[in-house]
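A look at the structure
Listed here are the chains, written in short residue letters.
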Amino acid sequence: MYFLFNVCLNCGEYRVDKYVEVKAGSSYALCPVCGYGHPFLRMPLFVVTGASGSGKTACVHALSSQTRDFVVMETDILWDERYNTPDSNFREYREMWLRIAKNITQCGKPVILCGTAMPEQIEPCLERRYFSDVFYLALVCSDDALIARLKNRPS
(Lines give C-alpha, C1' and ligand atoms only; values in the text may rest on other atoms or scores of the structure.)
Protein backbone atom coordinates (compact mmCIF):
# COMPACT_ATOMS: atom_id res chain seq x y z
CA MET A 1 0.00 0.00 0.00
CA TYR A 2 1.49 3.33 -1.05
CA PHE A 3 0.58 6.11 1.32
CA LEU A 4 1.65 9.73 0.85
CA PHE A 5 0.14 10.71 4.15
CA ASN A 6 0.92 14.41 4.43
CA VAL A 7 -0.84 15.32 1.16
CA CYS A 8 -4.56 15.95 1.63
CA LEU A 9 -6.60 13.69 -0.64
CA ASN A 10 -9.28 16.39 -0.91
CA CYS A 11 -7.47 19.71 -1.47
CA GLY A 12 -3.94 18.50 -2.31
CA GLU A 13 -2.20 20.60 0.34
CA TYR A 14 0.98 19.17 1.91
CA ARG A 15 0.57 19.62 5.65
CA VAL A 16 2.39 17.98 8.53
CA ASP A 17 0.22 19.71 11.12
CA LYS A 18 -2.98 17.73 10.58
CA TYR A 19 -5.23 17.24 13.59
CA VAL A 20 -5.81 13.72 14.80
CA GLU A 21 -9.34 12.74 15.71
CA VAL A 22 -10.43 9.36 17.06
CA LYS A 23 -14.12 8.49 16.68
CA ALA A 24 -15.72 5.13 17.39
CA GLY A 25 -12.35 3.37 17.31
CA SER A 26 -11.30 4.87 13.97
CA SER A 27 -8.59 7.50 13.50
CA TYR A 28 -8.68 10.43 11.11
CA ALA A 29 -6.09 13.02 10.16
CA LEU A 30 -7.98 16.27 9.62
CA CYS A 31 -6.56 18.68 7.06
CA PRO A 32 -6.18 22.15 8.64
CA VAL A 33 -6.95 23.75 5.25
CA CYS A 34 -10.18 22.02 4.15
CA GLY A 35 -11.12 19.83 7.15
CA TYR A 36 -11.06 16.56 5.19
CA GLY A 37 -10.76 13.54 7.50
CA HIS A 38 -8.24 11.07 6.11
CA PRO A 39 -8.71 7.66 7.79
CA PHE A 40 -5.51 6.00 8.99
CA LEU A 41 -4.21 3.21 11.18
CA ARG A 42 -3.06 4.59 14.53
CA MET A 43 -0.58 2.00 15.74
CA PRO A 44 2.02 1.90 18.50
CA LEU A 45 5.66 2.75 17.87
CA PHE A 46 8.51 0.91 19.58
CA VAL A 47 11.89 2.53 20.22
CA VAL A 48 14.93 0.48 21.24
CA THR A 49 17.52 2.88 22.60
CA GLY A 50 20.71 2.92 24.65
CA ALA A 51 24.31 4.00 24.55
CA SER A 52 26.57 2.95 21.70
CA GLY A 53 27.67 -0.58 22.45
CA SER A 54 24.76 -1.40 24.77
CA GLY A 55 23.42 -4.12 22.45
CA LYS A 56 20.64 -2.36 20.49
CA THR A 57 21.59 -3.77 17.11
CA ALA A 58 22.11 -7.29 18.45
CA CYS A 59 18.74 -7.13 20.23
CA VAL A 60 16.70 -6.02 17.22
CA HIS A 61 18.59 -8.38 14.91
CA ALA A 62 17.60 -11.28 17.16
CA LEU A 63 14.02 -10.01 17.32
CA SER A 64 13.70 -9.55 13.56
CA SER A 65 14.89 -13.11 12.97
CA GLN A 66 12.14 -14.39 15.31
CA THR A 67 9.10 -12.63 13.82
CA ARG A 68 7.86 -10.76 10.77
CA ASP A 69 5.14 -8.98 12.76
CA PHE A 70 7.14 -5.74 12.96
CA VAL A 71 9.19 -3.60 10.60
CA VAL A 72 12.58 -2.98 12.21
CA MET A 73 14.52 0.12 11.16
CA GLU A 74 18.04 1.11 12.22
CA THR A 75 17.90 4.92 12.50
CA ASP A 76 21.62 5.39 11.84
CA ILE A 77 21.11 4.53 8.15
CA LEU A 78 19.90 8.05 7.33
CA TRP A 79 22.23 10.02 9.60
CA ASP A 80 23.90 12.96 7.94
CA GLU A 81 25.84 15.86 9.43
CA ARG A 82 22.98 18.24 8.54
CA TYR A 83 20.94 16.57 11.30
CA ASN A 84 23.60 17.24 13.93
CA THR A 85 21.47 19.87 15.65
CA PRO A 86 21.75 19.42 19.42
CA ASP A 87 20.28 22.92 19.97
CA SER A 88 16.92 21.64 18.66
CA ASN A 89 17.41 18.22 20.30
CA PHE A 90 17.77 16.74 16.78
CA ARG A 91 14.12 17.59 16.06
CA GLU A 92 14.27 17.49 12.25
CA TYR A 93 15.90 14.05 12.35
CA ARG A 94 13.30 12.69 14.78
CA GLU A 95 10.41 14.15 12.75
CA MET A 96 11.79 12.48 9.62
CA TRP A 97 11.98 9.07 11.30
CA LEU A 98 8.50 9.38 12.77
CA ARG A 99 7.16 10.36 9.33
CA ILE A 100 8.78 7.27 7.81
CA ALA A 101 7.43 5.04 10.58
CA LYS A 102 3.94 6.57 10.28
CA ASN A 103 3.79 5.76 6.59
CA ILE A 104 5.08 2.22 7.10
CA THR A 105 2.44 1.50 9.74
CA GLN A 106 -0.26 2.14 7.17
CA CYS A 107 0.60 -1.28 5.75
CA GLY A 108 -0.64 -2.78 9.03
CA LYS A 109 2.64 -3.51 10.80
CA PRO A 110 4.06 -1.57 13.73
CA VAL A 111 7.59 -0.20 13.51
CA ILE A 112 10.54 -0.70 15.83
CA LEU A 113 13.08 2.12 15.61
CA CYS A 114 16.54 1.18 16.80
CA GLY A 115 18.94 3.97 17.70
CA THR A 116 19.95 6.35 20.41
CA ALA A 117 16.85 8.43 21.13
CA MET A 118 15.35 9.84 24.29
CA PRO A 119 11.61 10.28 24.99
CA GLU A 120 12.11 14.07 25.18
CA GLN A 121 13.33 13.94 21.57
CA ILE A 122 10.31 11.96 20.32
CA GLU A 123 7.32 13.10 22.40
CA PRO A 124 7.27 16.80 21.32
CA CYS A 125 7.37 15.95 17.59
CA LEU A 126 4.36 16.79 15.42
CA GLU A 127 4.50 13.31 13.88
CA ARG A 128 4.13 11.73 17.36
CA ARG A 129 0.36 12.36 17.28
CA TYR A 130 -0.09 9.64 14.66
CA PHE A 131 0.93 6.83 17.05
CA SER A 132 -1.38 5.41 19.68
CA ASP A 133 1.51 4.85 22.09
CA VAL A 134 5.29 4.96 22.05
CA PHE A 135 7.05 2.24 24.00
CA TYR A 136 10.71 2.72 24.90
CA LEU A 137 13.15 -0.05 25.70
CA ALA A 138 16.43 1.36 26.99
CA LEU A 139 19.26 -1.15 26.96
CA VAL A 140 21.99 -0.83 29.56
CA CYS A 141 25.04 -2.82 30.53
CA SER A 142 27.88 -2.50 33.00
CA ASP A 143 30.61 0.03 32.33
CA ASP A 144 33.13 -2.80 31.95
CA ALA A 145 31.00 -4.58 29.35
CA LEU A 146 30.41 -1.33 27.47
CA ILE A 147 34.12 -0.50 27.38
CA ALA A 148 34.99 -4.00 26.19
CA ARG A 149 32.36 -3.90 23.43
CA LEU A 150 33.47 -0.50 22.20
CA LYS A 151 37.14 -1.53 22.18
CA ASN A 152 36.28 -4.64 20.11
CA ARG A 153 34.51 -2.64 17.39
CA PRO A 154 36.25 -2.02 14.10
CA SER A 155 37.60 1.50 13.80
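A brief look at the structure comes next. Worth saying up front: this structure is predicted, and the values here are computed from it rather than measured.

**A look at the overall build of the protein**
Helix and strand content of the protein: four helices and seven strands. In sequence order, the protein lays out its α and β elements as β-β-β-β-α-β-α-β-α-β-α. Its C-alpha atoms give the protein principal-axis dimensions of about 55 × 35 × 25 Å. Buried residues in the protein amount to 35% of all 155 residues. The contacts of the protein with a sequence gap of at least 6 include a subset with a gap of at least 24, amounting to 66%.

**Here we look at the pairing of strand S1 (residues 19–23)**
Here S1 runs beside strand S2 (residues 26–30); their pairing, made up of five bridges, is antiparallel. Bridging from a neighbouring strand, Val-20 pairs with Ala-29 of S2. Between S1 and S2, which pair antiparallel in sequence order, lie two residues; one of them, Ala-24, sits at a positive phi of approximately 50°.

**Describing the environment of Ala-117**
Relative to the helices and strands, Ala-117 is located in the loop between strand S6 (111–114) and helix H3 (119–122). Here Ala-117 falls in the buried class, since its relative accessible area comes to 5%. In this structure, the C-alpha to C-alpha distance between Ala-117 and Phe-70, residues 47 residues apart in sequence, is 19 Å. Not counting the four nearest positions on each side in its chain, Ala-117 is found in contact with Val-47, Thr-49, Arg-94 and Ile-122.

**Describing the side chain of Glu-127**
Position of Glu-127 relative to the elements: it lies in the loop between H3 and strand S7 (134–139). Contacts of Glu-127, omitting those with residues within four sequence positions, involve Asn-6, Val-16, Glu-95, Leu-98, Arg-99 and Lys-102.

**Digging into the nonpolar core**
Judged by nonpolar contacts, the single largest core of 16 residues is most densely connected at Leu-45, Trp-97, Leu-98, Val-111, Leu-113, Phe-131 and Val-134. Here this core takes five residues from helix H2 (residues 91–105), the largest share from any one element. Setting aside residues no more than four positions away along its own chain, Phe-131 makes contact with Arg-42, Met-43, Pro-44, Leu-45, Leu-98, Ala-101, Lys-102 and Thr-105.

**Remarks on the sheet that holds S6**
Note: strands within a sheet are paired through backbone hydrogen bonds, in either parallel or antiparallel orientation. In space, the four strands of this open sheet follow the order S5-S6-S4-S7, with parallel pairing throughout. With one partner strand each, in any of the chains shown, strand S5 (71–74) and S7 form the two edges of the open sheet. Adjacent strand axes in the sheet meet at a mean angle of 20°, parallel and antiparallel pairs treated alike. Bridging between strand S4 (residues 45–50) and S7 involves six bridges; their strand directions are parallel. Bridged to Val-47 within S7 is Tyr-136. Set on the sheet, helix H1 (residues 56–66) makes contact with S4, S5, S6 and S7; between it and S6 the angle comes to about 155°.

**Re the side chain of Thr-75**
As for its placement among the helices and strands, Thr-75 is situated in the loop between S5 and H2. Ignoring any residue separated from it by four or fewer positions in sequence, one finds Thr-75 in contact with Tyr-93, Trp-97, Leu-113, Cys-114 and Gly-115.

**Quick word on the pattern of salt bridges**
By the definition in use, this model includes six salt bridges. Arg-99 serves as the salt-bridge partner of Glu-127, at 2.9 Å between the closest nitrogen and oxygen. Note that Glu-127 is positioned in the loop between H3 and S7 and Arg-99 in helix H2, a separation of 28 residues in sequence. Put simply, Glu-123 and Arg-128 hold a salt bridge, and the shortest N to O gap is 2.9 Å. Each of Arg-99, Lys-102 and Glu-127 takes part in one network of salt bridges that share partners.

About the cut-offs
Residues numbered from 1 in each chain as written. Predicted model: local features only at pLDDT ≥ 70, side-chain atom pairs only at ≥ 80, totals over all residues. Heavy atoms only, no water. Helix = DSSP H or I, 4+ residues; strand = E, 2+ residues; numbered from the N terminus. Buried < 20%, exposed > 50% of the residue type's maximum accessible area, 1.4 Å probe, protein only. Contact = heavy atoms within 4.5 Å. Pairing = 2+ DSSP bridges. Core = buried A, V, L, I, M, F, W, Y, C linked by side-chain atoms within 4.5 Å. Axes fitted to C-alpha atoms, helices over the stretch in contact; angles between N-to-C directions. Salt bridge = Lys/Arg side-chain N within 4 Å of Asp/Glu carboxyl O.

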